[in-house]
Each structure stands twice: as structure tokens, then as C-alpha cells.
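Read off the chains here:
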Amino acid sequence: MRLFAAVLPPEAAVDELDRRVRRLRELPGAGRLRWTGRTGWHFTLAFYGEVPDPVLPGLCERLARAARRHEPVPLRLKGGGRFADRVVWAGAEGGLPALRRLADSAAAAARRAGVEMAGHRAYTPHLTVARNRAEALDVGPFVEGLADFEGSAWTVRELALVRSRLPASGVAGEQPRYETVAAWPLGR
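Residues numbered from 1 in each chain as written. Predicted model: local features only at pLDDT ≥ 70, side-chain atom pairs only at ≥ 80, totals over all residues. Heavy atoms only, no water.

Draft legend 1. Highlighting helix α1 (residues 11–24). Taking 1.5 Å per residue, 14 residues should reach 20 Å; α1 reaches 20 Å between its end C-alpha atoms and fits that length. Of all the residues in α1, the buried ones are Ala13, Val14, Glu16, Leu17, Asp18, Arg20, Val21 and Leu24. (Helix = DSSP H or I, 4+ residues; strand = E, 2+ residues; numbered from the N terminus. Expected span 1.5 Å × (residues − 1). Buried < 20%, exposed > 50% of the residue type's maximum accessible area, 1.4 Å probe, protein only.)

Draft legend 2. Spotlight on the side chain of Ser164. If you trace the backbone, Ser164 turns up in strand β8 (residues 158–165). Residue class for Ser164 comes out buried when judged on its relative accessible area of 5%. Within polar-contact distance, the side chain of Ser164 engages the side chain of Arg2 at 2.8 Å. With residues up to four places along the chain from it excluded, the contact list for Ser164 reads Arg2, Phe4, Pro176, Arg177 and Tyr178. (Polar contact = N/O pair within 3.5 Å; in protein donor to acceptor, adjacent residues only side chain to side chain. Contact = heavy atoms within 4.5 Å.)

Draft legend 3. Highlighting the environment of Pro10. Note that Pro10 resides in the loop between β1 (2–7) and α1. Pro10 gets classed as partly exposed once you look at its relative accessible area, which sits at 32%. Spatially, the C-alpha atoms of Pro10 and Thr155 are 9.0 Å apart, while their sequence positions differ by 145 residues.

Draft legend 4. Here's a closer look at the pairing of β8. Bridge analysis of β1 against β8 gives four bridges, and the strand direction is antiparallel. Residue pairing across strands places Ala5 opposite Leu161, the latter belonging to β8. For β8 and strand β9 (residues 177–185), the ladder comprises eight bridges, and the chain directions are antiparallel. Its bridge partner being in β9, Arg165 is matched across the sheet by Arg177. (Pairing = 2+ DSSP bridges.)

Encoded structure:
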């Protein structure tokens, strides 16, 4: 299974971001971006890639332990940013150091369970809203359109293990499908 650890925002936070993203999709050049759907909005903490079935029970056990060691985290969606001109994302505000520690624990849990982790980079809390399909498109206006965005505060209360099913149809623009495999409460 293709898996990752994530924080899933509540529906109210997704609704608030969706209203802003609909406005971004009206900007010039928006049709040249591949917009992620609401069902794909999450904060990836650690990406595991293909995890062999025999490794899954150990991974789940270690993620459950990691979740118990972290207290709930206050968070809100706020602002935005980009990774070069390739990705446009919504940012976060609140317990970011705690979220980074949770991401580090999710990565460590996988390594200890035997998951082959690709190069680890510093965690930047973000929720991807669009990917650039065009070589010469400046995503700056889309990032600027998120600059003053501030969603309502909420509390991260669980760590989720999510399965990503890549599109198999070959239809342009089809999104991956995400399914929560397991989730563990924080701090219990």
C-alpha cells in the first residue's frame, strides 16, 4: 500500500479554505494549474511510499505509541506559500513546533518499523492546493491570493495513517483517492 502519516483538517476548516480556493481558480492562468480537491487536503507528516503488508502491523503499533506521546495541537489554516513555481499551498499557524515534532515522530516510527524512508527534509507544515503543470507560469498571484487568508482555530486530536490510490484511468486531471487506514488519538 502507498501510505503516509497525516493530520486531517476538520470539515469546517476545509469549507473555509474551499471558499478562498474557488476565488483563486478564477485568476488568470488558473486553468494551467492542477488543483487538488477538498478530499485531498491534508497535512502530510511523513510520506512512506509503498509499504509491504508484513510491515503494516509494526508501523501501526509504532504510530499508536507516537500519537500517545504527543498532546493535541492548536492549529488554523493561515496564509500560503509555494515550493518554487511547482506547488501552491495553504499554510498553518498555531502549535507548529509541536506539529513538527509529531512529523519527526511519524518518520521515526516508520524507520523503526522497517519502512524504507527516502531522504528526510525539514518539515514545512502545508496543505497543497495546486500543482503547476506549465513550465512558464508564475504562481505568485495565487500565493498572494492566500496571503490574508486566516481560517478558524481548531485542535489536532489525532494522527492518521492514510492510503493514497493513484489514478489508474489515465484521464487527465484525475485526482488520487485517499482512504484513512487507521487513526490514533493524541496524548492518550
